[in-house]
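# Coordinate analysis (summary)
Spelled out from the first residue to the last, the chains are:
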Amino acid sequence: MRSWVVFGIMLAVLGGCGSPRTNIYSLYMAGDQAVPSRAAVADLAVHSRAPRYLSQPYIACRTSPYQLEISPYSKWVASPEEMVRDAFREKFAASGLFREVRSSSSVAAGSYLLEIDLKRFERIDLPAGAFAELLFDYSFFSPEGKELARGVVSKKVLLADSSLLELAKSLSTALSDGIDEVRAAVEKALAGGN
């Protein structure tokens, strides 16, 4: 009888030790139908860099200026750095400004270069509420290596609720708007209006 009680307790303990399910989130940006103001004559290479925590697929939530919490069971489909770089590549490819747009660690001769330095891609909890925060620097270079444009894009969006689904939606919108800002600066630089 005692062995059955011990066996029952062990089953109950093991049944309660199951890990929670892992949720995977991605970004979604509507297709771009922009018409370029000039004919595409060159290629574009997109480079990116980010702090280590944004180079991994974990979802980050900043609870104070000193503390960042990483969600163990909720992740991005790829690292924020990869998702941002791929979003730039896809939106610039759809814009028609360049013959070919690729993300690589090297720049082919005759190609323009767009560097993205991702600083923030996270939820931030403030006394006023929870926000989605996106922050990155960008630099755009000619094939000769001359800097044609640079800037900082900073977006902070108040979340309707603190769910990670709402965070993914808000960061998708913030990133889409940020890429549009960069594209406008690149178009201006290509037209010679630094």
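Scroll up a little and you will see the structure.
What you are looking at is a predicted structure, and each value in this text was computed from that prediction instead of being measured.

If you walk through the whole model with that rule in mind, you get seven aromatic pairs. Relative to Phe 121, the ring of Trp 76 has its centre 5.4 Å away and its plane inclined at 65 degrees; by these criteria the two rings are edge-to-face. In this pair, Trp 76 sits in strand E4 (residues 67-76) while Phe 121 sits in strand E6 (residues 112-126), placing the two residues 45 residues apart along the sequence. You'll find Trp 76 and Phe 121 in the same group, each marked buried. Judged by centre distance (6.3 Å) and plane angle (65 degrees), the ring pair of Phe 98 and Phe 140 falls under edge-to-face. Of this pair, Phe 98 sits in the loop between helix H2 (80-95) and strand E5 (101-103) while Phe 140 sits in strand E7 (residues 129-141), and the two are 42 residues apart along the sequence. Each of the two residues, Phe 98 as well as Phe 140, counts as buried.

Further remarks concern the nonpolar core. Counting residues in hydrophobic clusters, the biggest one holds 45 residues, and the most contacted among them are Trp 76, Phe 88, Phe 92, Phe 98, Phe 121, Phe 136 and Phe 140. Looking at this core, the elements with two or more residues in it are strand E2 (44-49), strand E3 (58-64), H2, E6, E7, strand E8 (147-158) and helix H3 (164-190). If we ignore the near neighbours within four places in the chain, the residues touching Phe 121 are Leu 27, Leu 54, Trp 76, Pro 80, Met 83, Val 84, Glu 133, Leu 134 and Leu 171.

With that out of the way, let us pick up the environment of Ser 111. Within the secondary structure layout, Ser 111 lies in the loop between E5 and E6. Look at Ser 111 and you get buried, because its relative accessible area is 3%. Sequence spacing of Ser 111 and Phe 141 is 30 residues, and the spatial spacing of their C-alpha atoms is 9.0 Å. With residues near it in sequence (within four places) discarded, Ser 111 still touches Asp 43, Arg 102, Ser 142 and Pro 143.

Further remarks concern H2. With 16 residues, H2 extends 22 Å from end C-alpha to end C-alpha; this agrees with the ideal 22 Å at 1.5 Å per step. All of the buried residues along H2 are Pro 80, Glu 81, Met 83, Val 84, Arg 85, Ala 87, Phe 88, Lys 91, Phe 92 and Ser 95. Elements in contact with the buried residues of H2: E2, E4, E5, E6, E7 and H3. Directly beyond the C-terminal end of H2, a positive phi value near 80 degrees is found at Gly 96.

Each value, and the rule that gives it
- Residues numbered from 1 in each chain as written.
- Predicted model: local features only at pLDDT ≥ 70, side-chain atom pairs only at ≥ 80, totals over all residues.
- Heavy atoms only, no water.
- Phe/Tyr/Trp six-rings, centres within 6.5 Å; stacked < 30°, edge-to-face > 60°.
- Helix = DSSP H or I, 4+ residues; strand = E, 2+ residues; numbered from the N terminus.
- Buried < 20%, exposed > 50% of the residue type's maximum accessible area, 1.4 Å probe, protein only.
- Core = buried A, V, L, I, M, F, W, Y, C linked by side-chain atoms within 4.5 Å.
- Contact = heavy atoms within 4.5 Å.
- Expected span 1.5 Å × (residues − 1).

Everything listed here is a matter of geometry and, on its own, says nothing about what the molecule does.
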